[in-house]
Amino acid sequence: MFSTNFLTLALILSNVLLASKALVIRRDGNNTEYIPRFKGFTFDATIIHKNNKQGPNNDSLLTITNESNMVYTAKVNVGGHDFTVVVDTGSSDLWVSSGQSMKITDNTDTHVNLTYGIGSAYGNIAYASVSFGGYEVQNQAFVHAAKTTDLDGEGILGLGFIGLSEIERQVKTKKAQSIMSNLFTQHPSTPMFIGLALERSASGEDTSGGVFSVGEYDPRFANVSGTSKHPVTPSSSSRWTLAMSRMTVNGKDHTLKSDVEGTQKGQAISLIDSGTSLAYISSDAVDAIYGAIEGSVHVKTKDQDSWYVPCMSQANLSFTFGSDTYPVNPMELTTPVTITDNGKQYTVCLNSFRTPLNGKQADMDFLLGDIFMRNVYSVFNYGNSTTSGDDSKSASIQLLSRTNRDQVYQDFAGLRKQSLKTYPALFDLTKLKSDGTTSDGAHVDPQL
């Protein structure tokens with residue numbers, strides 16, 4: 001029997017469904033290789049292609065018709081019903097969609113609106129038993145969402161600190177604390193950390209799934225136990241934020257600046273966020289990355305701020321926390337998308353590291369989502385407290401690099417060339433101007 005100490009993750013890339021058996025721990029003819037004291041279970045990688053809204057069909061418009069959007073999802077049982085929820089280190093609350101039959105232990109009249117970088121979920125606070133990864137949490141507070149805006153799926157499992165919880169802020173009792181706090185309180189012998197590994201697909205473009213563990217390291221990455229514990233910074237933070245000490249592009253350091261009060265000179269505060277597919281960083285950092293790639297075109301208008309990058313070009317990008325440097329696979333830097341020009345489809349590659357959606361944030365400078373996390377094995381240490389206001393004070397993150405910089409640089413051309421075989425012909429970027437127009441009078445539709 002499989003151990004259920006591990007919560008499996010499935011990938012939603014963004015209306016065609018593809019199913020494949022994805023690697024969890026090890027694979028053999030019977031799907032799973034048994035490893036002492038660590039037994040995972042296989043899961044399907046689900047790919048959903050999301051069509052973006054298209055503009056009017058005329059000869060002067062380049063319309064972007066599809067762009068992948070991915071989140072990591074897992075099965076979580078709430079009140080006896082299984083929900084597919086996003087696994088999110090960037091938030092702290094649990095919400096699931098209403099309309100399902102559940103055994104609710106307490107249904108309150110208190111309503112909250114949970115807001116995210118994109119989207120929101122509104123509903124009343126309720127309590128029920130929640131099970132995932134072999135653990136059951138009794139009387140867990142969650143939002144029974146009656147309405148969602150710009151959010152896909154059946155819910156979000158927030159893995160952040162109590163201080164970020166809107167539910168706890170509304171109820172103001174220990175009973176309403178975040179799920180990880182309650183899990184560690186109700187299971188006191190469980191070490192207070194989680195491990196997260198996001199697996200890469202064979203094409204190198206996407207992620208095929210992953211492994212989530214509570215209180216135990218994935219044995220493939222057991223060496224993470226000896227890596228540096230990067231403290232959550234600033235110490236008062238209610239998010240999984242670290243102080244980045246360096247960003248390097250093609251061997252050249254980019255000067256880091258921070259808008260977060262108290263940050264040391266030359267550092268930038270970075271959120272490690274599994275609930276976000278791309279990365280959102282300062283505009284000068286974006287320009288430093290893509291300005292280093294020959295042939296890239298920066299289109300900046302009142303409607304968009306995007307870099308169009310030659311799909312077969314790459315850069316060496318790495319981030320440093322403390323004295324530890326983590327290379328980023330060049331496949332992560334650009335995303336192939338399809339555009340329509342004069343009724344004919346072409347492919348362009350857009351920047352995956354982008355400027356923030358909602359402008360500058362008071363508590364972070366960089367948001368490093370899945371395109372960074374695929375390059376590391378991440379361990380989130382909750383510290384030694386499950387009390388609101390104290391649970392993040394001694395918290396830290398350990399990162400074990402999974403990317404060999406020289407190897408991925410060599411592999412890039414073959415992987416990207418193979419990937420592009422499934423796309424239309426490449427668009428000629430020499431025709432594209434910085435104002436979004438082309439040499440033949442067309443313009444790029446900014447609806448991404």
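Residues numbered from 1 in each chain as written. Predicted model: local features only at pLDDT ≥ 70, side-chain atom pairs only at ≥ 80, totals over all residues. Heavy atoms only, no water.

### Considering the nonpolar core
Side chains of nonpolar character tend, in soluble globular proteins, to be buried together. Just so we agree on the cut-off: What makes a nonpolar core is a set of buried Ala, Val, Leu, Ile, Met, Phe, Trp, Tyr and Cys residues whose side-chain atoms join them at distances within 4.5 Å. Buried residues are those whose accessible area, probed at 1.4 Å on protein chains only, stays under 20% of the maximum for their type, while exposed residues exceed 50% and partly exposed ones sit between those limits. Note that domain bounds follow an automatic or database assignment of domains. The contact criterion used is simple: two residues touch if any of their non-hydrogen atoms lie within 4.5 Å.
With 71 residues, the main nonpolar core has Phe-319, Phe-353 and Phe-372 as its most contacted residues. The residue makeup of this core includes at least three contributed by each of domain 1 (61-197) and domain 2 (221-431). Those residues in contact with Phe-353 that lie beyond four places of it in its chain are Ala-279, Ile-281, Val-286, Ile-289, Tyr-290, Leu-317, Phe-319, Val-328, Glu-332, Leu-333, Leu-368 and Ile-371. Counting 16 residues, the second largest nonpolar core, distinct from the first, contains Trp-95, Ala-141, Leu-151 and Ala-176.

### Points about helix H3 (residues 283-290)
Basically, it comes down to this: The helix count covers DSSP runs of H or I at least four residues long, the strand count covers runs of E at least two residues long, and both are numbered beginning at the N terminus. By definition, the arc is the one covered by directions from the helix axis to the C-beta atoms.
Buried residues of H3: Ala-285, Val-286, Ile-289 and Tyr-290, and no others. Around the axis of H3, the buried residues are gathered within 120° of arc, so they sit on the same side.

### Comments concerning the packing of aromatic side chains
Let me state the cut-off plainly: Ring geometry is summarised as follows: Phe, Tyr and Trp rings, the Trp one being its six-membered ring, pair when their centres sit within 6.5 Å, and such pairs are stacked at plane angles under 30 degrees, edge-to-face over 60 and tilted between the two.
Within the structure shown, the criterion is met by 15 aromatic pairs. Look at Phe-193 and Tyr-217: their rings are 4.7 Å apart centre to centre, the planes differ by 20°, and that puts the pair in the stacked class. Here Tyr-217 lies in the loop between strand E15 (207-214) and strand E16 (230-231) and Phe-193 lies in strand E14 (residues 193-200), a separation of 24 residues in the sequence. Given the relative accessible area of 9%, Phe-193 is considered buried. We classify Tyr-217 as partly exposed; its relative accessible area is 26%.

### Comments concerning the pairing of strand E24 (residues 324-328)
The criterion, for reference: Strands qualify as paired when DSSP identifies two bridges or more between them.
Pairing analysis gives five bridges linking strand E23 (residues 317-321) to E24, with the strands arranged antiparallel. The partner of Leu-317 across the bridge, within E24, is Val-328. Once E23 ends, the chain turns through two residues before running back antiparallel as E24, passing Gly-322 with a positive phi of about 65°.

### Examining the pattern of salt bridges
To be explicit about the condition: We define a salt bridge as a side-chain nitrogen of Lys or Arg found within 4 Å of a carboxyl oxygen belonging to Asp or Glu.
Tallied over the entire structure, the rule returns nine salt bridges. In this structure, Asp-363 engages Arg-239 in a salt bridge whose closest nitrogen and oxygen atoms are separated by 2.6 Å. Here Arg-239 lies in the loop between E16 and strand E17 (241-249) and Asp-363 lies in the loop between strand E27 (353-354) and strand E28 (366-368), a separation of 124 residues in the sequence. Three or more residues are tied together by salt bridges with common partners; here these are Glu-199, Asp-218, Arg-220 and Arg-402.

### Focus: the UniProt feature "active site" (unreviewed entry) in the protein chain
The test is simple: UniProt positions are given in the numbering used here, feature names are shortened, and annotations may be inferred rather than shown by experiment. Contacts described as polar in this section are N or O atom pairs within 3.5 Å, which, within protein, must combine one atom able to donate a hydrogen with one able to accept it, while residues neighboring in sequence count only if both atoms come from side chains.
Mapped onto this structure's residue numbering, the UniProt feature "active site" (unreviewed entry) falls at Asp-88 and Asp-273. Separation in sequence by 186 residues is not matched in space for these annotated residues, since their most distant C-alpha atoms are only 6.6 Å apart. Position of Asp-88 relative to the elements: it lies in strand E8 (residues 81-88). On the basis of relative accessibility, which here comes to 6%, the residue Asp-88 falls in the buried class. Beyond its immediate stretch of four places on either side in the chain, Asp-88 contacts Tyr-116, Ile-156, Leu-157, Gly-158, Leu-159, Gly-160, Asp-273, Ser-274 and Gly-275. Mapped onto the elements, Asp-273 comes out in the loop between strand E19 (268-272) and strand E20 (279-280). Within the structure, Asp-273 has its side chain in polar contact with the side chain of Thr-276 (distance 2.7 Å).

### Overview of unusual backbone geometry
Each neighbour pair has its own omega, and for Thr-233 with Pro-234 the value is -5°, a cis peptide bond. Its place among the elements puts Pro-234 in the loop between E16 and E17. Located in the positive-phi region is Asn-250, a residue other than glycine, with phi close to 50°.

### Some words on the environment of Val-112
Tracing the sequence through the fold places Val-112 in strand E10 (residues 106-115). Overall, Val-112 belongs to the buried group, its relative accessible area being 3%. As for Val-112 and Tyr-122, which are separated by 10 residues in sequence, their C-alpha atoms are 5.8 Å apart. For Val-112, the contacting residues outside a window of four places in its chain are Ala-121, Tyr-122, Gly-123, Ile-125, Val-143, Glu-166 and Gln-170.

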